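Here is what each chain is made of, one letter per residue.
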Amino acid sequence: MTPGRPVPPPLAKPLPDLGARDEVADGPRLAAAYGATASDSGLVPLTVARRAPKEDDVEIAVEFCGLCHSDVHATRGEWGHQNYPLVPGHEIVGRVSRVGSAVDDFTPGELVGVGCLVDSCRDCDSCLDGLEQYCENGMTGTYGSKDRRNGDAITQGGYATSVVVDRRYVLHVPESLDPAAAAPLLCAGVTTYSPLRHFDVEDGDVVGVIGLGGLGHMAVKLAKAMGAEVKVFTTSESKIAAAREIGADEVILSRDEAAMDAANRSIDVIIDTVAAPHDLNPYFRTLRVDGALFQLGLPSEDMPPVNPGALIRRRIAYAGSLIGGIAETQEMLDFCAEHGVTSDVEVVRADQLNEAYNRMVAGDVKYRFVLDTSTLGTPSERADA
Ligand SMILES: [Zn+2]
Ligand SMILES: [Zn+2]
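Rules and cut-offs
Residues numbered from 1 in each chain as written. Chains lettered and ligands numbered in written order. Predicted model: local features only at pLDDT ≥ 70, side-chain atom pairs only at ≥ 80, totals over all residues. Heavy atoms only, no water. Helix = DSSP H or I, 4+ residues; strand = E, 2+ residues; numbered from the N terminus. Rg over C-alpha atoms; globule rule 2.2 N^0.38 Å. Buried < 20%, exposed > 50% of the residue type's maximum accessible area, 1.4 Å probe, protein only. Contact = heavy atoms within 4.5 Å. Areas by Shrake-Rupley, 256 points an atom, 1.4 Å probe, with all protein chains shown as cover. Lys, Arg positive; Asp, Glu negative; His and termini not counted. Charge placed at Lys NZ, Arg CZ, Asp CG, Glu CD. Salt bridge = Lys/Arg side-chain N within 4 Å of Asp/Glu carboxyl O. Pairing = 2+ DSSP bridges. Axes fitted to C-alpha atoms, helices over the stretch in contact; angles between N-to-C directions. Domains from an automatic or database assignment. Buried area = accessible area lost by both parts, 1.4 Å probe. Polar contact = N/O pair within 3.5 Å; in protein donor to acceptor, adjacent residues only side chain to side chain. Nonpolar A, V, L, I, M, F, W, Y, C, P; charged D, E, K, R; others polar. Donors = N, O, S within 2.8 Å, 3.2 Å for Na, K, Ca; no water. Patch = residues over 30% accessible without salt bridge, like charges linked within 9 Å, V, L, I, M, F, W, Y side chains within 5 Å. Tetrahedral: all angles 85-135°; square planar, octahedral: opposite > 155°, others 65-115°. Phe/Tyr/Trp six-rings, centres within 6.5 Å; stacked < 30°, edge-to-face > 60°.

**Description of the overall build of the protein**
Working step 1: Broken down by element type, the protein carries 12 helices and 17 strands.
Working step 2: Compactness check: the protein gives a C-alpha radius of gyration of 21 Å against a globular reference of 21 Å for 385 residues, within 12% of the reference.
Working step 3: In terms of overall dimensions, the protein has C-alpha extents of about 65 × 50 × 35 Å along its principal axes.
Working step 4: Expressed as a percentage of the 385 residues in the protein, the buried residues total 55%.
Working step 5: For the protein, the proportion of contacts with a sequence separation of at least 24, taken over those separated by at least 6, is 69%.
Working step 6: In the form shown here, the protein has an accessible surface area of approximately 16300 Å², with 49% of it arising from carbon and sulfur atoms.
Working step 7: Averaging the positions of the 34 positive and the 57 negative side-chain charges in the protein gives two centres separated by 3 Å.

So this is what it looks like as structure tokens:
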């Protein structure tokens, strides 16, 4: 959606699998939602039918949902074929409203979260190792995925007043965390926590962070909480003060060759959050022997080639990483509660979502937008529209 394009008028457009009623004690329920009806529709009001909780399901009254760059790409069809209508959102925090008969680890009223995946095959080596995000049969994404256990339905995400998820994929959110500021932990938080933990970052390590957006600011906060010294790489002088504000010990302007030279062999692990194509070779020179660079952003165009010599001469590992498993996501939430880590957020109303998307694309957010789902209205208002 280009800036300035008018926001489409509200539609009363039910999703295909209706047949649900608004308020049925034990049946399916309608949720008020915002989503896209086509790649160029922008986000418009929708209703979505949520299944009645099956025996292992947890029904959640969503309170807040973070806005992730993936949501923008998916709703605008920038990642290939997309099923519409599509309700995005995979940084979900809310309270349990109902549970299935076999659920004994969640109770109504409890603060819970849902991240990027709501199911997986549960049987492959990755799933059995708690690495559901690398499921060999494909994880079920929180939105836009075929629902393994609900016929041919397509999963619909958290820009909605409720969601129903199998208990195995629901997280306990510690009550000490602010629910709005905790929402981005479910994607941006765990995406940066997982590689830091995989590298065993601890007291005294030096962590580099490339880029200071939603992911980058979480990487800085988490690495600091793990006891690391943190150096932020940025192309923009205007971000120096902001990086220091959230805890960076040093800020290096990546276009300043002298500053990059001065950082030679000073870093143990780099978390690269930039999704646009960029040359990694100057960053490899800042790593020590046995250092590693984890790339988290997926550029849509080719990256400049990596010089193998730079890796070989210092036994440097060049790795990727995708979100985190369910157990690791829980570990991250508990770590954040223990260390008082949350995201810096700007809470928006449903009618500000399209503007928020445009601001995200322009990089105009510090550091994550979070939707207040109490502004979505109710399904019955939709039906009257
Ligand atoms: Zn995300
Ligand atoms: Zn699997």
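Next comes the rest of the account.
**Focus on the pattern of salt bridges**
Working step 1: One pass over the full model with this rule turns up 23 salt bridges.
Working step 2: Put simply, Asp56, Asp105, Asp119, Arg122, Arg149, Asp166, Arg167 and Arg168 are held in one network by salt bridges that share partners.

**A few points about the sheet that holds strand β13 (residues 267-272)**
Where strands meet in a sheet, backbone hydrogen bonds hold them as pairs that are either parallel or antiparallel.
Working step 1: A sheet is described by the order of its strands in space; here six strands give the open sequence β12-β11-β10-β13-β14-β15, paired in parallel fashion. The sheet terminates laterally at β12 (250-253) and β15 (317-320), the two strands that pair on one side only. Within this sheet the neighbouring strands show an average axis-to-axis angle of 20°, counted without direction.
Working step 2: Relative to the sheet, helix α4 (residues 188-198) contacts β10 (206-210), β13 and β14 (287-295), its axis offset from that of β13 by approximately 155°.

**Section: the domain arrangement of the protein**
Working step 1: On domain assignment, one finds that the protein holds domain 1 (29-187 + 344-376) and domain 2 (188-320).
Working step 2: Computed over C-alpha atoms only, the centres of domain 1 and domain 2 are separated by 28 Å.
Working step 3: The interface of domain 1 with domain 2 comprises nine residues on the first partner and 12 residues on the second.
Working step 4: Across the domain 1/domain 2 interface, buried area totals approximately 900 Å², and carbon plus sulfur atoms make up 50% of it.
Working step 5: The tally of links between domain 1 and domain 2 comes to one salt bridge.
Working step 6: Measuring nitrogen to oxygen at the nearest pair gives 2.4 Å for the salt bridge that ties lysine 221 to aspartate 344.
Working step 7: Where domain 1 meets domain 2, there are 10 residue pairs in polar contact (both at pLDDT 80 or more).
Working step 8: Its residues placed into classes, the side of domain 1 that touches domain 2 shows five nonpolar, no polar and four charged.

**Some details on the environment of leucine 128**
Working step 1: Note that leucine 128 resides in helix α2 (residues 125-128).
Working step 2: The exposed category is assigned to leucine 128, whose relative accessible area is 59%.
Working step 3: Contact partners of leucine 128, with chain neighbours within four places excluded, come to Arg122 and Asp123.

**Here's the deal with the coordination of the zinc ion (ligand 1)**
Perfect tetrahedral coordination of a metal by four donors corresponds to 109.5 degrees between them, and perfect octahedral coordination by six donors corresponds to 90 or 180 degrees.
Working step 1: Protein coordination at the zinc ion (ligand 1) comes from Cys68 (SG), His90 (NE2) and Cys187 (SG), with a distance range of 2.0 to 2.2 Å.
Working step 2: In the primary structure, the donors to the zinc ion (ligand 1) are separated according to the pattern C-x21-H-x96-C. On the criterion of sequence distance, the pair formed by cysteine 68 in the loop between β3 (57-66) and α1 (69-75) and cysteine 187 in the loop between α3 (179-182) and α4 is long-range, its members being 119 residues apart. One exposure class covers both cysteine 68 and cysteine 187, and it is buried.

**Here's the deal with a nonpolar patch on the surface**
Working step 1: Residues Leu131, Tyr134 and Leu322 make up a contiguous nonpolar surface patch of about 230 Å² in total accessible area.
Working step 2: The residue leucine 131 is located in the loop between α2 and β7 (140-141) in this model.

**Section: the coordination of the zinc ion (ligand 2)**
Working step 1: Looking at the zinc ion (ligand 2), one finds its protein donor set to be Cys121 (SG), Cys124 (SG), Cys127 (SG) and Cys135 (SG), positioned 2.3 to 2.4 Å from the metal centre.
Working step 2: Here the zinc ion (ligand 2) binds four donor atoms, and the angle range of 104 to 118° at the metal identifies the geometry as tetrahedral.
Working step 3: Considered as a linear motif, the donors of the zinc ion (ligand 2) on their single chain read C-x2-C-x2-C-x7-C. In this pair, the class of cysteine 121 matches that of cysteine 127, namely buried.

**So, the packing of aromatic side chains**
Working step 1: Evaluated as defined, the whole model comprises four aromatic pairs.
Working step 2: When the centroid spacing of 5.8 Å and the interplanar angle of 70° are considered together, the rings of phenylalanine 284 and tyrosine 318 count as edge-to-face. Of this pair, phenylalanine 284 sits in helix α8 (residues 281-284) while tyrosine 318 sits in strand β15, and the two are 34 residues apart along the sequence.
Working step 3: Accessibility expressed as a relative area gives 1% for phenylalanine 284, which makes it buried.
Working step 4: Classification of tyrosine 318 by relative accessible area gives partly exposed; the value is 37%.

**Considering unusual backbone geometry**
Working step 1: For the bond running from tyrosine 84 to proline 85, omega is 0°, close enough to zero to count as cis.
Working step 2: Position of proline 85 among the secondary structure elements: in the loop between α1 and β4 (92-99).
Working step 3: In this structure, tyrosine 367 follows lysine 366 across a cis peptide bond, with omega equal to -10°.
Working step 4: With respect to the helices and strands, the residue tyrosine 367 is situated in the loop between α11 (353-361) and β17 (368-372).

**Focus on the environment of alanine 319**
Working step 1: The topology assignment puts alanine 319 in strand β15.
Working step 2: Residues alanine 319 and proline 195, spaced 124 residues apart in sequence, show a C-alpha to C-alpha distance of 9.2 Å.
Working step 3: Contacts of alanine 319, omitting those with residues within four sequence positions, involve Leu293, Phe294 and Gln295.

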